[in-house]
Number of protein chains: 2
Amino acid sequence: MGYFDAASSAPLHPVARQALLASFDEGWADPARLYREGRRARMLLDAAREAAAEAVGCRADELVFTSSGSRAVHTGVAGALAGRRRVGRHLIVSAVEHSSVLHSAEAGGGSVTQVPVDRGGAVDPVAYGAALRADTALACLQSANHEVGTEQPVGAVAEVCREAGVPLLVDAAQSLGWGPVDGGWSLLTASAHKWGGPSGVGLLVVRKGVRFAAQGPVDERESGRAPGFENIPAIVAAAASLRAVRAEAAEEAVRLRELTDRIRARVPRLVSDVEVVGDPVRRLPGVVTFSCLYVDGEALLHELDREGFSVSSGSSCTSSTLTPSHVLRAMGVLSEGNVRVSLPLGTAEEDVERFLAVLPGAVSAVREKLGAPVASEVVREEDVLVIDSLGKRCPIPVIELAKVIGDVPVGGLVRVLSDDEAARLDIPAWCDMRGQEYVGAETAEKGTAYVVRRVS
Amino acid sequence: MGYFDAASSAPLHPVARQALLASFDEGWADPARLYREGRRARMLLDAAREAAAEAVGCRADELVFTSSGSRAVHTGVAGALAGRRRVGRHLIVSAVEHSSVLHSAEAGGGSVTQVPVDRGGAVDPVAYGAALRADTALACLQSANHEVGTEQPVGAVAEVCREAGVPLLVDAAQSLGWGPVDGGWSLLTASAHKWGGPSGVGLLVVRKGVRFAAQGPVDERESGRAPGFENIPAIVAAAASLRAVRAEAAEEAVRLRELTDRIRARVPRLVSDVEVVGDPVRRLPGVVTFSCLYVDGEALLHELDREGFSVSSGSSCTSSTLTPSHVLRAMGVLSEGNVRVSLPLGTAEEDVERFLAVLPGAVSAVREKLGAPVASEVVREEDVLVIDSLGKRCPIPVIELAKVIGDVPVGGLVRVLSDDEAARLDIPAWCDMRGQEYVGAETAEKGTAYVVRRVS
């Protein structure tokens, strides 16, 4: 099986399946009822909460089950902001948070500071601390990034937040299966289907003493923090599978890290013009991300799918979005031809080897197709070569730039006209990789002109 | 099996269980992804949406899956109110809606009109129409009541709303398993675990042309109306079980109606001082509700649970709430000793007979325990007998009233001092049942004085 997209959703863990089956007969009744079926449901729910709390490292009464990880984030951010409304409405996030955090920030209505990340994808705790203000109601930081796997310095950031008296919400969706999040965080969210639990279960932890006011209509369920009938069989399965994956985590982390190290090391040797992105050391065991120059990410996904491999892409050209990944943009790395490999637990070594065997051919196939784009209008204006790539999507503008750079003398300029936002990221990244000088961008009559000086 | 609380939650239908098992292997991936596992998940989701839409009687693109029925109501009410913000913020609900509708109304922030119901629990379409105003943004009406089973005149109310250009949201949680909701409604909500589907799935239907603006953080899932990763195995099971219960609905409705008719007819003969509530004809097939004078609802539930029967109660004394059911209060019927019997599909006749056999003993046991309460202070003030029931919970005040009414001459008065809100409902109801005159209530030094004149 070549399913390498566990960071999107992991296949159901065998323990989750067993727990679901076992609890269908016991967990369908209303746990608020006093009769036997209700009492049984309540016992299952209480036991699942104890187990999940132990895995998180919190008290059972600090943890509620929500209907998804996104819902946990939405509820957590809104409730924490409302709980500190008297302090202010300022919110801090890292620039590489999951969209559910960014959507919550937007919906919060207050001012938002995005803390930048380095080229590896991590925030600097000192820079994070500098964003704290007297009116900061809440700070958010993921435990590890969903697109590139980079681990964030949560402990150090929690410390600066604690000193400032600002609660820190940690989105632990990508890491909770691997271990608890250390440090003095105040709120934590997670999602069961990321660790092999069923869909439909998220976790929201609010530490005792953290001011919290649930927003929107509530009811008496889950301490008034997650309205609607509890999905007990799924909750039981989520808790059981979290214990199960934790039991294998230490060993499996070593194994998967070796496999992703292999990908990190060998992809640049197998494929030309590749940038492996994300921190090489402080990262999730199963995630590795790279970008390929002159490649359309969606086309590469299709090629790999034909070969039996399921991966995802943060490139500008995936179906669900037309803008490049905000994560890659914040890191300032190449976004074109982006591929994220995220290995599920138990991934076989031979599947990784087979992936490495088919990848070069898949990249070549896409590059060949793109190698003959409709010729752009190339005009020499004074000493500047102008490429009109207006209306053309990534990676065409970069391909055209690469084709003509040899036509100008060293010291000469190329001006690429483009109206694709991905170019803003990819042209500087190409210059960086190719040792050419990126002069800058200026607004053109149509779109933007990106100016590059030939250096070598 | 004596589980008679299907209106809270129905046991998992065998078809739902099969569908869940079958879709665990196919439905765990992200349906937004383009690789094979994602395409398979998308196909399952699309097929489930088609099936559910057919059962509802709407277009597939009008229906989204939410994480619960309550969530569907919260999202539906908030989105419809926001969509018509320019018209106004006035909201109409019936006085007997489910708490999720009332909570949404409260959270909506505009003015709310509660349309009263008759003694059977139904609204009058003319009275409903009279509540419509120029600034009415939305009207809500359940298809059938969750506590007493009474069907509402949805078609006629939809017609008056349509004439006024006001969208009508129908909460169909209790009835959708029995058949589609007729009439020109604009929005509809439902909950899968009420028809034997799994927990964790609700439906929200928004007809084309209805103005709708989803509130709070959203993402690209479910047309931007239900954020968070889709729970596809549960959605597949929900749709499959809805088809399955519909296939048996006509036959099963006749059978269950006969069983509940039996309870309606025989309970008043088996137990003294009982009021069967709810419309005897226009009602759900499987629901029957009655109230027993001089009985504490929670104590009766415990007695019945010991006998192997699981029922619920809208009485003031259930664990989760200390106020009497707003439904029974709105109907103006007796709330004390309230029992709702809601039969799941396939309920055996002999279980109903056994219930009828044990009920009289269970009621007697509770009445015996309550029959010797701590004697109240009885003081004769001029021509009025005063009972001090302050600090005593229902049904004690009514029991004490019943004990002393024979001590005053015909034409004489009894003044019951009580601080239990249930007395406001139950003392008039007792007068009605006993042929005594309820004179009225007045604020006393402590609590409220309820004045009753002995007539016979």
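Residues numbered from 1 in each chain as written. Chains lettered and ligands numbered in written order. Predicted model: local features only at pLDDT ≥ 70, side-chain atom pairs only at ≥ 80, totals over all residues.

A.B. asks: I'd love a proper account of the relation of the copies chain B and chain A, names of residues and values included.
C.D. replies: Of the two same-sequence chains, chain B is brought onto chain A (RMSD 0.1 Å, axial shift 0.0 Å) by a rotation of 180°. The operation mapping one copy onto its partner corresponds to a two-fold rotation axis. Looking at the interface residues of chain B, 100% of them are also at the interface in chain A, so both copies use one shared face. (Least-squares fit on C-alpha atoms with pLDDT ≥ 70 in both. Contact = placed C-beta atoms within 7 Å.)

A.B. asks: Residue-level account of the domain arrangement of chain A, with values.
C.D. replies: Residues and elements named next belong to chain A. Assigned domains within chain A: domain 1 (14-245), domain 2 (249-370) and domain 3 (377-453). Each of domain 2 and domain 3 has a C-alpha centre, and these two points are 26 Å apart. Domain 2 puts 18 residues into the contact, and the matching count from domain 3 is 13 residues. Looking at the side of domain 2 that touches domain 3 residue by residue, the classes come out as nine nonpolar, four polar and five charged. (Domains from an automatic or database assignment. Nonpolar A, V, L, I, M, F, W, Y, C, P; charged D, E, K, R; others polar.)

A.B. asks: So what about the pairing of strand β5 (residues 168-171) of chain B? Which residues, and what values?
C.D. replies: Side-chain positions along a regular strand alternate between the two faces of the sheet. All names here are of chain B. Judged by which residues are buried, β5 turns out to be covered on both faces: Leu168 and Val170 on one side and Leu169 and Asp171 on the other are all buried. Inspection of the sheet shows strand β4 (residues 136-142) paired to β5 by four bridges, in the parallel sense. From the neighbouring strand, Leu141 faces β5, where its bridge partner is Val170. Sheet topology note: the β5/strand β6 (residues 187-191) ladder contains three bridges and is parallel. (Buried ≥ 20, exposed ≤ 12 C-beta atoms within 10 Å, placed from the backbone. Helix = DSSP H or I, 4+ residues; strand = E, 2+ residues; numbered from the N terminus. Pairing = 2+ DSSP bridges.)

A.B. asks: Describe the packing of helix α7 (residues 232-270) of chain A against helix α10 (residues 349-370) of chain A, naming the residues involved and giving the relevant values.
C.D. replies: Residue and element names in this part refer to chain A. α10 packs onto α7 with a crossing angle of 15° between their chain directions and a minimal axis gap of 11 Å. Considering the angle they form, α7 stands roughly parallel to α10. Of the two elements, α7 crosses α10, and the hand of that crossing is right-handed. Here Leu259, Arg262, Ile263, Arg266, Val267 and Leu270 of α7 lie close against α10, whose contacting residues are Glu349, Val352, Leu356, Leu359 and Pro360. Per-class residue counts for the contact of α7 with α10 are eight nonpolar, no polar and three charged. (Axes fitted to C-alpha atoms, helices over the stretch in contact; angles between N-to-C directions. Parallel < 35°, antiparallel > 145°, perpendicular 65-115°, else oblique. Left-handed = near helix turned anticlockwise from the far one by under 90°.)

A.B. asks: Please set out the interface of chain B and chain A residue by residue, giving values where relevant.
C.D. replies: Of the residues lining the interface, 49 residues belong to chain B; the matching set on chain A comes to 49 residues. For the side of chain B that touches chain A, the secondary-structure elements that each account for two or more residues are α1 (14-24), α2 (36-56), α3 (69-83), α4 (99-108), α7 (232-270) and α8 (297-306) of chain B. Per-element accounting of the side of chain B that touches chain A gives the leading share, five residues, to α4(B). Looking at the side of chain B that touches chain A, its residues break down into 18 nonpolar, 20 polar and 11 charged.

A.B. asks: Please provide a residue-by-residue account of the sheet that holds β4(B), values included.
C.D. replies: Residue and element names in this part refer to chain B. With respect to topology, seven strands assemble into an open sheet ordered β1-β7-β6-β5-β4-β2-β3, the strand pairing being mixed. With one partner strand each, in any of the chains shown, β1 (63-66) and β3 (112-115) form the two edges of the open sheet. The mean angle between the axes of side-by-side strands here comes to 20°, regardless of whether they run parallel or antiparallel. With three bridges connecting them, strand β2 (residues 90-94) and β4 associate as parallel partners.

A.B. asks: Explain the packing of helix α2 (residues 36-56) of chain A against α7(A) to me, and be specific about the residues and the numbers.
C.D. replies: All names here are of chain A. At a minimum axis separation of 9 Å, α2 and α7 run at an interaxial angle of 30°. With respect to α7, the element α2 is oriented roughly parallel. Classified by chirality, the crossing of α7 by α2 is left-handed. When α2 is examined against α7, the residues Ala41, Leu44, Leu45, Ala48, Ala51, Ala52 and Ala55 are found in contact with a partner set consisting of Ile232, Ile235, Val236, Ala239, Leu242, Arg243 and Arg246. Of the residues assigned to the contact of α2 with α7, the class counts are 12 nonpolar, no polar and two charged.

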